[in-house]
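# Geometric and topological summary
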Amino acid sequence: MGGTSGEERSTTLGEDLDETTAAIMDAVYRALSHNGYPATTMSEIAAEFEKSKSLLYYHYESKEEILNDFFTHLCERLEATLVEDPYDDPHEQLLALIDRLLPAEMDDESLRFRRAFFEIRSQAPHNQSYHEQIERSDEIILEALTETVRRGVDEGRFADVDPEREAELLFSTIYGIMERGVTLEDRALIERNKETLHDRIDRWLLESE
């Protein structure tokens, strides 16, 4: 927050969110969902903030500062909820991971937020802070995919593939599906391609069956 280092902010957000911080993160989410990244300003975030506007400005001085904390918050939530309960079958766990990353149902706000997130990702080459946060979120996803594929290979459930390379390809495919779907606001495209991906996984990884 204002006047603190990025490391200190991450530590604060790593704990249970207090009421004010939770309200700020919710306001950022709504502002991005309603306005998209380019049009989201501190004023737009303040308009979505349910508490005193002066309280928001007390904690944050700029859009970049508040978004940096928001990304930290998203990464921590992603890491905590990507796979909430391990599956006995690594194949089922992999499909659950994909379903988590490509949700079957998204309301309009969720769809618009994902579109705003892709807009933010496009700024990564020009913003080191965004680049680091996006790189971290990608690493969390890649690690979950890699460990699941590795487990399947080790247990003989999957074909003998390179888990890291397989996870990289899976993530790139998932990313492309979501980007196309949210850009075109086409939920059916996401669901259709997810079903095809499920079928391909069966052929790629379960070829020994």
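Residues numbered from 1 in each chain as written. Predicted model: local features only at pLDDT ≥ 70, side-chain atom pairs only at ≥ 80, totals over all residues. Heavy atoms only, no water.

The chain is annotated in an unreviewed UniProt entry as TetR family transcriptional regulator of Natronococcus amylolyticus DSM 10524.

## Things to note about the packing of aromatic side chains
Applying the stated criterion across every chain, the model contains six aromatic pairs. With a centroid separation of 6.1 Å and 80° between ring planes, the pair formed by Y37 and Y130 is classed as edge-to-face. Highlighted residues: Y37 in helix α2 (residues 19-39) and Y130 in helix α8 (residues 128-154), separated in sequence by 93 residues. You can call Y37 buried: its relative accessible area is 9%. Ring geometry for F70 and F113: centres 6.0 Å apart, planes at 85°, overall edge-to-face. You can see F70 sitting in helix α5 (residues 63-81) and its partner F113 sitting in helix α7 (residues 108-121), a full 43 residues away along the chain. Residues F70 and F113 agree in their burial class; the two are buried. Put simply, the rings of Y37, F71, F117 and Y130 pair up and form one aromatic cluster. Across from the ring centre of Y37, 4.0 Å away, lies the NZ or CZ of K63, which sits over that ring. (Phe/Tyr/Trp six-rings, centres within 6.5 Å; stacked < 30°, edge-to-face > 60°. Helix = DSSP H or I, 4+ residues; strand = E, 2+ residues; numbered from the N terminus. Buried < 20%, exposed > 50% of the residue type's maximum accessible area, 1.4 Å probe, protein only. Lys NZ or Arg CZ within 6 Å of the ring centre and 35° of its normal.)

## Observations concerning the UniProt feature "DNA-binding region" (unreviewed entry) in the chain
Mapped onto the present numbering, the UniProt feature "DNA-binding region" (unreviewed entry) falls on residues 41-60. In residues 41-60, the share of helix is 70% and the share of strand is 0%. The end C-alpha atoms are 12 Å apart. (UniProt positions renumbered as here; feature names shortened; annotations may be inferred.)

## Side note on the packing of α7 against helix α9 (residues 163-183)
The geometry of α7 relative to α9 is characterised by a closest axis approach of 9 Å and an angle of 115° between their N-to-C directions. Viewed along their axes, α7 and α9 adopt a mutual orientation that is roughly perpendicular. At the point where α7 passes α9, the crossing takes the left-handed sense. Between α7, through L111, R114, R115, F118 and R121, and α9, the contact on the second element is made entirely by Y175, M178, E179 and V182. Here the residues of the contact of α7 with α9 are counted per class, giving five nonpolar, no polar and four charged. (Axes fitted to C-alpha atoms, helices over the stretch in contact; angles between N-to-C directions. Parallel < 35°, antiparallel > 145°, perpendicular 65-115°, else oblique. Left-handed = near helix turned anticlockwise from the far one by under 90°. Contact = heavy atoms within 4.5 Å. Nonpolar A, V, L, I, M, F, W, Y, C, P; charged D, E, K, R; others polar.)

## Quick notes on the nonpolar core
Judged by nonpolar contacts, the single largest core of 32 residues is most densely connected at L82, L94, L145 and I201. With 23 residues, the next largest nonpolar core counts M25, Y37, I45 and F113 among its residues. (Core = buried A, V, L, I, M, F, W, Y, C linked by side-chain atoms within 4.5 Å.)

## Regarding the pattern of salt bridges
By the definition in use, this model includes 12 salt bridges. E185 is the salt-bridge partner of R115, the closest N and O atoms lying 2.4 Å from each other. On the criterion of sequence distance, the pair formed by R115 in helix α7 and E185 in the loop between α9 and α10 (187-205) is long-range, its members being 70 residues apart. Overall, R115 belongs to the partly exposed group, its relative accessible area being 26%. Between E147 and R150 there is a salt bridge, with its nearest N and O atoms 2.7 Å apart. (Salt bridge = Lys/Arg side-chain N within 4 Å of Asp/Glu carboxyl O.)

## Some words on α8
Counted at 1.5 Å a residue, the expected span for α8 with its 27 residues is 39 Å, and the 38 Å between its end C-alpha atoms agrees. Where α8 begins, one side-chain oxygen reaches toward the backbone nitrogen of S129, 3.1 Å away; that side chain belongs to N127. Remark: G156 follows α8 within two positions and exhibits a positive phi of approximately 75°. (Expected span 1.5 Å × (residues − 1). Polar contact = N/O pair within 3.5 Å; in protein donor to acceptor, adjacent residues only side chain to side chain.)

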